[in-house]
Each structure stands twice: as structure tokens, then as C-alpha cells.
Amino acid sequence: MNKVILLKNRPVGKPTLGDFEFLEEENPIIQEGQILLKTLYVSVDPYLRGRMSDAKSYVPPFELNKPIHSGVIAEVVESKLSDFAVGDYVSAMLDWKELQVSDGQGLMKVDGKAAPVSAYLGVLGMTGLTAYLGLTEIGKPKSGETVVVSGAAGAVGSVAGQIAKILGCRVIGIAGSDEKTSMLTSKFGFDAAINYKTTSDMQADIANAAPNGVDVYFDNVGGEISDAVLANINQFARVAVCGSISGYNDTEASMGPRVQGILVKNSVLMQGFIVSNYQEKFPQAITQLASWLQEGKLTYAETVVDGFDNIPQAFIDLFEGKNEGKMVVKV
Ligand code: NDP
């Protein structure tokens, strides 16, 4: 039998296991022009929280009682389609199913010899692209500038910070545990890191770590952390608003300092983005990320959770900060 995970309820506040439903269906059978895909790795990502609610967004919400889908690495286990052979690995937006049928549309072949296939969900996939394109297209860091990254120990943040280092910047990361802050400085080469859960004065800690002020802020979290960064922002700084995970489970809009005064006084550019805005730049960005990886200038961390049944829990754990680097589920 083939296991499937559906969205049962639209979560209110933090998602719970009760919002998901596990089903078993007959194993699918392929027709001419189709392939059978076996799921190897499933990406769980904070943005899926938005798709679980029915608020208007840049992508339509998931439908209730239908399979959830996200980035998946799968192996072709049967083929009646000439472009795909048994044993090929593909990356695509696919359903949370152990096995599924595809006509090849929207599948990208990945090279399991060039990198471990799970890397195509992270540093060589959507989150790596988000880090690279958000930082270079909006942050535009120049050598010698100071860059702050929030959510710094996660999939996007850890790559964004390393790229800023490659570009010659002083880089400060903000994350939620001492293990994470030491990983930022020891493994990823950040110049300084701040644990937002234990600091008594976030704004002062940023000022200490950034004695020349903040020129670029790569914001993954929003909320009070971002208020403290903006209080240290320099004239002509750039703020790339990538995400605001601190508010994804809020049931009411939160109220913070209003930013207009800070932006005007300092001539700051603040821009939100969705990685797909830069689709035409994906091939060039992947080539750059892959070559930095090969040269050893860029590295990555992965938290690999075992077992198809644990996909929902791995997703929920993102909001508890249980991952270092990219959270993936090995099926
Ligand atoms: P991560 O790998 O960073 O995982 C989420 C992390 O967020 C957790 O590990 C946790 O780390 C942190 N976190 C959770 N709750 C809070 C909170 N209340 N306050 C502060 N930090 C919190 O996820 P991604 O790298 O995949 O995504 C990072 C951000 O980028 C998200 O906001 C996501 O939505 C966004 N994103 C945007 C894209 C775009 O196109 N604009 C594309 C991809 C991602 P900690 O222990 O430090 O708290």
C-alpha cells in the first residue's frame, strides 16, 4: 500500500499533528508516457504554513483533504517515458506520497554524483537560491560592509551569511541557541553571532557586534529581532525581507515600532521578495553556488529526520528551531 499525507484542518496558531491525516491507497500503476516516482527526500519549509491557511498569498492555499506537496527528491523506479530511465533522480514539487505517477512535467533531473541528492532541496535548491538572489539582488553587499542575517542557522540564513563573507563583508548572525551561534562562527565563518533567546538587550548586542552599524539586513524572521536590527541601521542600508517566521503562527497582527521614520531618516531601501521573482537567474545562481561548494568556500548543514510518517512533525519542529541548516525528511 502507498502512504499519503493530507491536510485535514487549516491550523489555528501553531500547527499540530491533528491538522494532518495519514491515508493508505493502492500502489499506483503507470500508463504509456508516464513514470513511477519513489520519494527519497521531502523538504519541509516554513512557507508551507502560509499555504495551509486560506489567506490570499502569492500561491493558492492547499486544499483540505488533498495531499500536501513540497520540494521532493524522487527516484524513477519504472518508466514508460523515453526521457526518463529507471534510476534517474529528479527534483520537483510533488505530493507527500511514497509513490506517485508523473508525466515528466515540471521534473528536473539531478546529478547524484555531483552532490548528495538532498542538497538539491537546500544549498543547490530553493533555499540556496533564496539566499543568493535575495542577498545579491536586494542586499547588494559591498566588500567591507556589515551584514546582519536573522534566522542565521537555518537553510536560507546559513547560506546567505556565508555568501556575504565570500563577498568580503563583516557578518553577524542571529539564532536561537548557543549550539547554533557557535556553529555560525566555527562552521560557517560568521564574525559574530547572537542568541536572541538569551540576550537581555538585543539592540545593544547588535551595536557591539556591528560597531560601524548595519549596511545590509537579510531578514528571515521579522518581529522584535528585526526591530532591534533596524535600530542599528546605517544610512543607505538595504533590507532584504525574505521571511517573517516569528509571525507565521500569529492569530492577530502584531504591532511593532513603525519603520517609516527609520527608513526616511536613513534613506534605507527595504524590499520583500519571493525567490521565483528571479527565475531567469536560477541557472546562473546554481552554477555559482555549485562552484563555491566545489571550491570549499561554501558549506552546508542538514537536519535529516527519518521516516515518511515523521514529515508533519519535522514541519512543526521548524517553529521550535529544532533544525540546523536545511530540514529534510528521508523516506
Ligand atoms: P529555517 O531552516 O531557517 O528554519 C526555520 C528556523 O526559524 C528555525 O530553525 C528557527 O531557528 C527559526 N524560528 C522559528 N521560530 C522563530 C521565531 N519565533 N523567531 C525567530 N526565529 C524563529 O527555514 P528556511 O531557511 O527555509 O526559511 C527561513 C525564512 O525564509 C522563513 O521565514 C521562510 O519563510 C523564508 N523563505 C522565503 C523565501 C522567499 O522566496 N522569500 C523562500 C524560502 C524561505 P532558531 O533556533 O534560530 O529560532
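Numbers given for residues are sequential positions, taken from 1 along each chain in its written order. Reporting in this predicted model follows two pLDDT cut-offs: at least 70 for local features of residues, and 80 or more for side-chain atom pairs to be given and counted; totals over whole chains, interfaces and linings ignore these cut-offs and use all residues. Excluding hydrogens and water, the side-chain figures rest on all heavy atoms present in the structure.

A.B. asks: What exactly am I supposed to notice about the layout of surface pockets here?
C.D. replies: Leftover empty space is mapped by rolling, across the atoms, a probe with the size of a water molecule. Any residue with an atom within 4 Å of a point lines the site, the site being either a cavity, points on a 1 Å grid over the protein atoms alone where a 1.4 Å probe fits but cannot get out, or a pocket, an open set with protein on both sides within 12 Å along at least 5 of 7 lines. Grid points are joined across faces, edges and corners, and a volume is the space filled by probe spheres set on the points. The space that makes up the second largest pocket amounts to roughly 320 Å³. In terms of lining, the second largest pocket is formed by 17 residues, of which the most central are V221, G222, G223, S244 and S254. The leading source of residues in the lining of the second largest pocket is helix 6 (residues 223-230), at 4 residues. Of the residues assigned to the lining of the second largest pocket, the class counts are 6 nonpolar, 8 polar and 3 charged. A run of H or I in DSSP becomes a helix once it reaches four residues, and a run of E becomes a strand once it reaches two; helices and strands are each numbered from the N terminus. Following the grouping adopted for this structure description, the nonpolar residues are Ala, Val, Leu, Ile, Met, Phe, Trp, Tyr, Cys and Pro, the charged ones are Asp, Glu, Lys and Arg, and the polar ones are all others, Gly among them.

A.B. asks: I'm lost on helix 3 (residues 155-166) in this one. Help?
C.D. replies: Note: α-helices contain 3.6 residues per turn, so residues at a spacing of three or four share the same orientation. The end-to-end C-alpha distance of helix 3, which contains 12 residues, comes to 17 Å, matching closely the 16 Å that a straight helix rising 1.5 Å per residue would cover. For helix 3, a buried count of 10 out of 12 residues is recorded, marking the element as mostly surrounded by other parts of the structure. When we look at burial in helix 3, the residues that qualify are A155, V156, G157, S158, V159, A160, G161, Q162, I163 and A164. Where helix 3 is buried, its residues contact helix 2 (126-139), strand 8 (146-150), strand 9 (170-175), strand 11 (214-219), helix 8 (282-295) and strand 15 (326-330). Directly after helix 3, the chain includes G168, whose backbone phi takes a positive value near 90°. Each helix should span, by expectation, one fewer than its residue count multiplied by 1.5 Å. Only protein chains enter the accessibility calculation, which uses a 1.4 Å probe; a residue is then buried when its area is under 20% of its type maximum, exposed when over 50%, and partly exposed in between. Contact criterion: two residues are considered in contact whenever any of their non-hydrogen atoms come within 4.5 Å of each other.

A.B. asks: Any chance you could explain the site of the ligand here in plain terms?
C.D. replies: The criterion for a residue being near a molecule or strand is simple. One of its heavy atoms has to lie within 4 Å of it. Surrounding the ligand, one finds 28 residues, the nearest of these being K180, Y196, Y248, V275 and N323. K180 places a polar side-chain atom, nitrogen or oxygen, 2.6 Å from an oxygen atom of the ligand. Reported accessibility uses the Shrake-Rupley method at a 1.4 Å probe radius. Residues are deemed covered only where the shown protein chains occlude them. Surface burial for the ligand is 92%, taken as the share of its 900 Å² of free accessible area covered by protein chains. Looking at the shell around the ligand, the elements that each hand over two or more residues are helix 2 and helix 3. A per-element tally of the shell around the ligand places helix 2 first, with 3 residues. In protein, a polar contact means a hydrogen-donor-capable atom and an acceptor-capable atom, both N or O and within 3.5 Å, with residues adjacent in sequence counting only if both atoms are side-chain atoms; elsewhere, any N or O pair within 3.5 Å suffices.

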